[in-house]
Amino acid sequence: MENLQMLFWRQVRYILYLLAIYTLGFGFTPYKTVFLSLILGTSISLLMVWNLTWKIEKFGQAVAARKKVRTLGTLSRLALAALTAVIVLTHPQHFDIVPTVLGLMTSYIVIIIDFFFHKWKNDKLHV
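A short tour of the structure in this document, coming up. (Residues numbered from 1 in each chain as written. Predicted model: local features only at pLDDT ≥ 70, side-chain atom pairs only at ≥ 80, totals over all residues. Heavy atoms only, no water.)

1. Digging into helix α1 (residues 4-28)
Quick reminder: α-helices carry 3.6 residues per turn. Residues three or four places apart thus point the same way. End to end, α1 covers 36 Å across 25 residues, agreeing with the expected 36 Å (1.5 Å per residue, within 8%). The complete set of buried residues in α1 reads F8, R10, Q11, V12, I15, L19, Y22 and G25. (Helix = DSSP H or I, 4+ residues; strand = E, 2+ residues; numbered from the N terminus. Expected span 1.5 Å × (residues − 1). Buried < 20%, exposed > 50% of the residue type's maximum accessible area, 1.4 Å probe, protein only.)

Rendered as structure tokens:
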């Protein structure tokens, strides 16, 4: 199995590519609010994935050391999503809620696609 840090950095690279595409869309299309919302949501989503990866590392260390296991930070990720919603709702001239929610889901979609892509690639190698 791959190292969690390797998976994380590969997924960060994919998300940064998406952010670059969103930035180009913001700069060269008339859909400024859509792309700005995608940038906001995806940036917060990247922060959530970093937080989750860090919490999983700490969780694994605590389990290995037979220490008390702490939470994986669901409340902090929900708070980040709520903060994003507050930003979008207080600045409707700059942001739209639907692309922001899609941006918030981006990291999880990237994780799922990355998992299936590498599972398919590894199964193809073992046949």
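2. Re the side chain of T53
Examined against the element boundaries, T53 turns out to sit in helix α2 (residues 32-64). Judged by its relative accessible area of 8%, T53 falls in the buried class. Once residues lying within four places of it in the same chain are set aside, the contact partners of T53 are L4, Q5 and F8. (Contact = heavy atoms within 4.5 Å.)

3. Digging into the packing of aromatic side chains
For the structure shown, the criterion picks out four aromatic pairs. The side chain of K32 reaches across the aromatic face of F26, ending 5.0 Å from its centre. (Phe/Tyr/Trp six-rings, centres within 6.5 Å; stacked < 30°, edge-to-face > 60°. Lys NZ or Arg CZ within 6 Å of the ring centre and 35° of its normal.)

The values reported here are purely geometric and, on their own, carry no functional implication.
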